[in-house]
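# Structure assessment
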Amino acid sequence: MRKEFKKIIIGNFCYIYPLPVIKGKKYLIEVKIDQADLFIKNILDGTLTSPDEGPTYLYKKGVHKDGFTVIFSIDEKIVPINKKD
């Protein structure tokens, strides 16, 4: 498991990515901006797993415009996210 994650905000979402970047194993995890820090903490403390560790609560949403980096998003059927009405 990689021990460092960074985040970048684009529009209304935050994209989390692991360091070091490993060729052929690049990915981004799309989360809501206000969830990013907690999400990173939970991956690092083992509460949540990362795509490096096998099947997770994430689903493949698409591929980055670089053509290689997989973009994952949270599968709300597995991990419910509180929504405001």
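A short tour of the structure in this document, coming up.

Thresholds, definitions, all that
Residues numbered from 1 in each chain as written. Predicted model: local features only at pLDDT ≥ 70, side-chain atom pairs only at ≥ 80, totals over all residues. Heavy atoms only, no water. 1 Å grid on protein atoms, 1.4 Å probe; cavity = no way out; pocket = protein on both sides within 12 Å on 5 of 7 lines; lining within 4 Å. Points joined across faces, edges and corners; volume = space filled by probe spheres on them. Helix = DSSP H or I, 4+ residues; strand = E, 2+ residues; numbered from the N terminus. Nonpolar A, V, L, I, M, F, W, Y, C, P; charged D, E, K, R; others polar. Pairing = 2+ DSSP bridges. Axes fitted to C-alpha atoms, helices over the stretch in contact; angles between N-to-C directions. Phe/Tyr/Trp six-rings, centres within 6.5 Å; stacked < 30°, edge-to-face > 60°. Buried < 20%, exposed > 50% of the residue type's maximum accessible area, 1.4 Å probe, protein only. Lys NZ or Arg CZ within 6 Å of the ring centre and 35° of its normal. Salt bridge = Lys/Arg side-chain N within 4 Å of Asp/Glu carboxyl O.

### Some details on the layout of surface pockets
Approximately 230 Å³ is the volume attributed to the largest pocket. For the largest pocket, the lining is made up of 16 residues, of which Y17, Y27, L28, H64 and T69 are closest to its centre. Where the lining of the largest pocket is concerned, the elements lending two or more residues are β1 (4–10), β2 (13–19) and β3 (27–32). Of all the elements, β2 adds the most residues to the lining of the largest pocket, at three residues. Its residues placed into classes, the lining of the largest pocket shows eleven nonpolar, two polar and three charged.

### Some thoughts on the sheet that holds β1
Within a sheet, neighbouring strands are paired by backbone hydrogen bonds and run either parallel or antiparallel to one another. If you trace the five strands from one edge of the open sheet to the other, you get β1-β2-β3-β5-β4, paired in mixed fashion. In this open sheet, the two edge strands, each paired with only one partner strand, are β1 and β4 (58–63). Here the strands of the sheet are splayed against their neighbours by 35° on average, with no regard to which way each runs. Looking at chain direction, β3 and strand β5 (residues 70–74) are connected through four bridges and run parallel. Looking across to β5, one finds that I29 is bridged to F72.

### Some remarks on the packing of aromatic side chains
Inspection of the entire model under this criterion finds two aromatic pairs. Between the aromatic rings of F39 and Y57, the centroid separation amounts to 6.0 Å while the plane-to-plane angle is 70°, which identifies the pairing as edge-to-face. Of the two residues, F39 is situated in helix α1 (residues 36–44) and Y57 in the loop between α1 and β4; the sequence distance between them amounts to 18 residues. The pair formed by F39 and Y57 is uniform in burial state, with each residue classed as buried. The ring of F13 carries K61 above its face, with NZ or CZ at 5.5 Å from the centroid.

### Comments concerning the pattern of salt bridges
As enumerated under the stated definition, the model contains six salt bridges in all. A salt bridge links K61 to E30, with the nearest nitrogen and oxygen atoms 2.6 Å apart. Here K61 is found in strand β4, whereas its partner E30 is found in strand β3, with 31 residues between them in sequence. Under the relative-accessibility criterion, E30 is labelled buried at 6%.

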